[in-house]
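Tertiary structure, described
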Amino acid sequence: MLLIHVQKVTPRVSYTFKQICKRILGFDVDLTSKIESFIAHDGPKFSYGKQPLGKELYFQSVDLLFEHGLNDLDIQVFDWEETKCFFQVKHENSVLPFDIFAATFYMLTRYEEYLPHVKDNMGRFPATESIAYTHNFLQDPVVDIWAYKFRAILLEKYPDLTFKEKKFTVIPVISVSQTFAYKNKGILRAIGGGIRDLWKLKFDEFTNRLKVSVGLKKDPYDTFDFFIDLQKNKKRKSKVLFGLGDYSNYEKNIGYNHLHHRTTIKHIADYMDVGLKVSYEAISDLSILKKEKQRIESILNRKLEYLLCSFFKIKLPEAYRNFIELEIGEDYSMGYSRYSGFRAGTCTPFMFYDLDYEVQTPLVIYSFCFANLGNRDDISDSASARKEIVSYIEKIKKVKGAFIPVFSNTLFSDLVGQLFWKSILEFIWNIDDD
């Protein structure tokens, strides 16, 4: 057990130290604000505050973890060793030149997303507004990098300190906006789609639509056997998240109650973890979210555990509060649609901290770093896709994190015209955990 002296044990302090020490590095800590207890402790220890207590291992703090609410913070990013950091400190006895704990809290809580910012055309926080993008460290899991540097400092001072080693893991996520391209969409939608194909001179698509409708060909979006075969060959904590929202400008899936739709979802759930892709409308409407939750639970006959927001639109903190109210366990929306990287600066799952209420919640956030829902114009071949993915895997392996890519099921369809994505997913699925 490592003892840490802080000027005051706040919810922010407890949250941050638990994430860094226990969840990332794998060891337990105890916090105290009593100087007597700290001095009397003869085991591993350090202090965190404005001034050192004596000659102990010391990390200087800024004010963030001892504040309440939101403030307009002066963020100055600077280079340090091979990474970037901020919240610089100047005390000569501080082991680090920045407040690692405040910087970690700032990144994990998405502090900057609560502050005034320009939203994109879908009402989302844009990657280009983030401190990570602006200062060119979006592609690095800086929180985990900082944590492992902190670990090295502790081991240099206390070589007998033991850590429970984490393992690098791969968690593929499949987002299903449309379970089928042509099948089970009803007569009116089928006729309308066929007329549209002919009007736009898409004769091959019209032919495919006709063959699928009469049962001569498998629906091109029904790529689920491919995922199931991958899962059979190598067990993964993979997730398949289905959209079950009502038909709208944003939601185009077939009816949730269609027998073939329900059967498909149940079949996949026999092999992989199945959850809900929250519709655009349900992200900010608790009543609609509750309805979609009931739909997936009625199909699975089990409690809903996993969610992903359509278009990765997370309105903080309202969206996550709604998830918590409905007792959802895990969210996979923390990332950007058109930019790869670590939105929260980490590749380790973390608990959502509500900055308005100053409380750690039970919702676990799984932050993905790579996504393709069919909207990535910057990747046109297998070589460029693999190069980007390998670069993230190498970084994540160094800090024993979780590599979480998100793909649309439609990406693996003949309709998309980029069949190399199947080989990319096979490559990802067969990466060795270590």
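In this report, the structure presented in the accompanying data block is examined. These figures come from a predicted structure and were not determined experimentally. (Residues numbered from 1 in each chain as written. Predicted model: local features only at pLDDT ≥ 70, side-chain atom pairs only at ≥ 80, totals over all residues. Heavy atoms only, no water.)

1. Notes on the pattern of salt bridges
- Tallied over the entire structure, the rule returns 22 salt bridges.
- Ionic pairing is found between aspartate 273 and lysine 239, a salt bridge with its closest N-O pair at 3.2 Å. Linking aspartate 273 in strand β10 (residues 273-278) with lysine 239 in strand β9 (residues 239-243), this pair joins segments that are 34 residues apart in sequence.
- Exposure remark for aspartate 273: the relative accessible area of 29% places this residue in the partly exposed category.
- What makes lysine 239 buried here is its relative accessible area of 4%.
- A single network of salt bridges, built from pairs that share partners, joins Arg110, Glu112, Glu113 and Arg343. (Salt bridge = Lys/Arg side-chain N within 4 Å of Asp/Glu carboxyl O. Helix = DSSP H or I, 4+ residues; strand = E, 2+ residues; numbered from the N terminus. Buried < 20%, exposed > 50% of the residue type's maximum accessible area, 1.4 Å probe, protein only.)

2. Some points on the packing of aromatic side chains
- Inspection of every chain in the model, using the stated rule, returns 41 aromatic pairs.
- Considering the side-chain rings of phenylalanine 227 and phenylalanine 412, the 5.5 Å spacing of their centres and the 85° angle between planes classify their relative orientation as edge-to-face. One end of the pair, phenylalanine 227, is in helix α9 (residues 224-233); the other, phenylalanine 412, is in the loop between β17 (405-408) and α14 (420-429), with 185 residues separating them in the sequence.
- A relative accessible area of 1% means that phenylalanine 227 is categorised as buried.
- Exposure remark for phenylalanine 412: the relative accessible area of 2% places this residue in the buried category.
- Pairing tyrosine 320 with phenylalanine 352 gives two aromatic rings, centres 5.0 Å apart and planes at 70°, and the pair type is edge-to-face. Remark: phenylalanine 352 occurs in strand β13 (residues 350-354) and tyrosine 320 occurs in helix α12 (residues 318-325); sequence separation between them is 32 residues.
- Classification of phenylalanine 352 as buried rests on a relative accessible area of 4%.
- One aromatic cluster is present, built from ring pairs that chain together Phe224, Phe226, Phe227, Phe242, Phe370, Phe407, Phe412, Phe420 and Trp421.
- Directly above the aromatic system of phenylalanine 38 lies the positively charged group of lysine 45, at a separation of 4.9 Å from the ring centroid. (Phe/Tyr/Trp six-rings, centres within 6.5 Å; stacked < 30°, edge-to-face > 60°. Lys NZ or Arg CZ within 6 Å of the ring centre and 35° of its normal.)

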